[in-house]
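Survey of secondary and tertiary structure
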Amino acid sequence: MERRKSIPRPQGIAVALGLVLLGCGGILASAKQPTIYMPVAIEKDFDEVRKQDLADKPKIMERQQALLERRYDLQDRPSTTITMSGGKPVQEGVRVKLPEGVTWEQLSEMTPAEIKQQDLFPKGFRTLPHAKHNPGGQVFPPNQIEAIQKAESRDLFRFDVEFDLPEHFLPEFPPPIYLSTHPELGDVSQGEVLTIKNYYRIMNGLITPVQMEGLRLLLTPFPQQQFNQTEDRKVKEPSLGVTCLDCHVNGHTNAAFHLNPDTRPQEKRFRIDTVSLRGMFNQQIHGSKRSLRSVEDFTEFEQRTAYFDGDHVTAAKKGVHLPDRTDQVSMMAQMQNMFDFPPAPKLDATGRLISEQASEEELRGERVFFGKGKCSTCHVPPNFLDNQMHDLHLGRFYKAERINDQYNVPNGPIKTFTLRGIKDSPPYLADGRLLTLADTVEFFNLVLQLDLTLQEKEDLLAYLYTL
Ligand code: HEC
Ligand code: HEC
């Protein structure tokens, strides 16, 4: 399915003919490329588009639900012992479904080539499509939509597509807020979702005036591709837009998703699951693909990328807000850098388990993490990342195909995410294709060809919960 045609090369004596072909080839090839630009002038009127979108919606949501059910066991099976930092139980068990007739043990004994040849790489380990890949865009979970409607009467509900994952697989809502300036206070959220209405009351006395102004900007709505005032919007009434913390709620994540802005053509873009901003002060590269080198750069450029799909042309029409670098951006960045990881009382200052506080199982899991599991090669303590991008070479395991308008090519190099506080931020991987931490253990066991025993997998999982 490679779309880009190679340009014919002149060969042997047919150099002149070759040159003619080269010219034509170039023109023909570019004529066949799907355009990377979105239309700026919308010919259809809003009501007409909306009517069509509403008519299409049930089929689109059914199609996505069927895909999720083919891939995953979606049942609500909360843990009775392990909770996220604010108390919501994590979901237990491996949820990615196995292909008919094989076990995890059998799969791990096969070579990647055998798995690929027999098409046995579990579907849930492959790229996850956006619920509505065309046009893609930002989709918020119901809890966020409801909270913002209540607090600000601002509508985050899209009429053309809805959030697709069940609530029990999402981070707790609202998530606790830990400030790196106040480790002694624990959660300072007062159990509320930070909004433009309450942030001042909740944070006054805790943060500096500069950080307060940064927070105000992080909570101020600005126009976005689907949420704006034009006929191209996907929200019923003309909208002021979205805020940074509509996704990074309380400096964490609510698992809102959209399409990565960095890839074209459209069918090869991949879904991205909102990352937590907790502990971001330790990261040197930002964005799963973009590898931007500072929080300031990312903050400035979110307006070009997340908000407008990496398409600065439509942005100008819909009202892009480009924050001032020396003033607004630095204040927004500073506030983001105050969001800390949740406490991990079993870890020492170097990120290793304190043996008197950890269970036998957790200690065995730590040995797997640093030994046979090879996890620490990329997830280096004390922050459990290496500020590098790595290609997990998933192309060894499956042949890409078109599913629900997405051509599910392996994503290539992706940034290593931190594993600190990892139980708080399901779903996992850049696109959120893995629903539980148990899924991530099976995923890496297969992808890294580790041959972990059942016991080693259980120990490793117990260890991941301590981070
Ligand atoms: C639709 C939800 C959404 C909104 C709104 C949003 N973000 Fe993000 N943010 C994401 C996603 C998804 C990523 C991961 C991007 C990637 O993988 O390339 C991200 C990544 C980031 C990162 C990099 C974090 C890291 O771990 O590398 C920063 C910084 C950030 N966002 C800041 C902001 C700021 C500032 C705003 C407001 C201007 C904002 N975000 C608005 C979803 C959102
Ligand atoms: C070669 C480097 C490398 C090794 C080794 C590695 N990881 Fe990762 N890890 C990554 C990358 C890169 C990602 C992001 C991949 C993606 O999103 O597609 C990731 C993502 C994860 C995530 C999801 C993080 C999130 O926020 O969604 C978990 C959990 C994880 N790894 C656990 C492990 C465990 C457990 C091991 C050992 C068994 C391991 N990793 C070994 C590079 C590595």
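Keep in mind that what you see is a predicted model, and the values were worked out from it rather than measured.

1. Section: the coordination of the iron atom of ligand 2
Among protein residues, the single donor to the iron atom of ligand 2 is His 379 (NE2), with a metal-donor distance of 2.1 Å. When you line up the elements, His 379 lands in the loop between α11 (360-370) and β5 (389-390).

2. Here we look at helix α10 (residues 325-336)
All of the buried residues along α10 are Gln 328, Val 329, Met 331, Met 332, Ala 333, Met 335 and Gln 336. Summarising the contacts, the buried residues of α10 are in contact with α7 (209-218) and α8 (295-301).

3. Let's talk about the side chain of Ser 239
Along the polypeptide, Ser 239 turns up in the loop between α7 and β3 (257-259). Classification of Ser 239 as buried rests on a relative accessible area of 5%. Polar contacts involving the side chain of Ser 239 include one to the main-chain amide nitrogen of Gly 241, which spans 2.9 Å. In this structure Ser 239 touches Phe 227, Asn 228 and Gln 229, once residues within four positions along its chain are discounted.

4. With respect to the UniProt feature "domain: Cytochrome c" (unreviewed entry) in the protein chain
The positions that UniProt labels "domain: Cytochrome c" (unreviewed entry) are, in the present scheme, residues 360-467. Helix makes up 32% of residues 360-467 and strand 7%, with an end-to-end C-alpha separation of 16 Å.

5. Quick word on the site of ligand 2
Inspection of the region around ligand 2 gives 21 residues, with Cys 375, Cys 378, His 379, Leu 429 and Ala 430 positioned closest. Take His 379: an N or O atom from its side chain is 3.0 Å from a nitrogen atom of ligand 2. Measuring from an oxygen atom of ligand 2, one finds a backbone N or O atom of Leu 429 at 2.8 Å. Counting only elements with at least two residues in the shell around ligand 2, the list comes to β8 (414-415) and α12 (437-447). Of all the elements, α12 adds the most residues to the shell around ligand 2, at 3 residues.

6. With respect to a nonpolar patch on the surface
Judged by side-chain polarity, Ile 36, Tyr 37, Val 40 and Val 313 come together as a nonpolar surface patch covering roughly 330 Å² of accessible area. Here Tyr 37 is to be found in the loop between α1 (15-32) and α2 (46-71).

7. Some points on the packing of aromatic side chains
Where two aromatic rings form a pair, the distance of their centres and the angle of their planes describe that pair. Considering all chains together, one arrives at 14 aromatic pairs under this definition. Ring centres of Phe 121 and Phe 125 lie 5.5 Å apart, and the angle between their planes is 65°; on these two criteria the pair is classed as edge-to-face. Phe 121 sits in the buried class, given a relative accessible area of 1%. Given the relative accessible area of 0%, Phe 125 is considered buried. Consider the rings of Phe 121 and Tyr 398, whose centres lie 5.8 Å apart with planes at 5°: the pair is stacked. On the criterion of sequence distance, the pair formed by Phe 121 in the loop between α4 (112-117) and α5 (142-152) and Tyr 398 in the loop between β5 and β6 (402-403) is long-range, its members being 277 residues apart. Of the two residues examined, Phe 121 and Tyr 398, each falls in the buried class. Grouped by ring-pair contacts, the aromatic residues Trp 104, Phe 121, Phe 125, Phe 397, Tyr 398, Phe 443 and Phe 444 constitute a single cluster. The side chain of Arg 50 reaches across the aromatic face of Phe 159, ending 5.4 Å from its centre. One residue, Arg 271, lies across the ring of Phe 257, its end atom 3.7 Å from the ring centre.

About the thresholds
Residues numbered from 1 in each chain as written. Chains lettered and ligands numbered in written order. Predicted model: local features only at pLDDT ≥ 70, side-chain atom pairs only at ≥ 80, totals over all residues. Heavy atoms only, no water. Donors = N, O, S within 2.8 Å, 3.2 Å for Na, K, Ca; no water. Helix = DSSP H or I, 4+ residues; strand = E, 2+ residues; numbered from the N terminus. Buried < 20%, exposed > 50% of the residue type's maximum accessible area, 1.4 Å probe, protein only. Contact = heavy atoms within 4.5 Å. Polar contact = N/O pair within 3.5 Å; in protein donor to acceptor, adjacent residues only side chain to side chain. UniProt positions renumbered as here; feature names shortened; annotations may be inferred. Near = heavy atom within 4 Å. Patch = residues over 30% accessible without salt bridge, like charges linked within 9 Å, V, L, I, M, F, W, Y side chains within 5 Å. Areas by Shrake-Rupley, 256 points an atom, 1.4 Å probe, with all protein chains shown as cover. Salt bridge = Lys/Arg side-chain N within 4 Å of Asp/Glu carboxyl O. Phe/Tyr/Trp six-rings, centres within 6.5 Å; stacked < 30°, edge-to-face > 60°. Lys NZ or Arg CZ within 6 Å of the ring centre and 35° of its normal.

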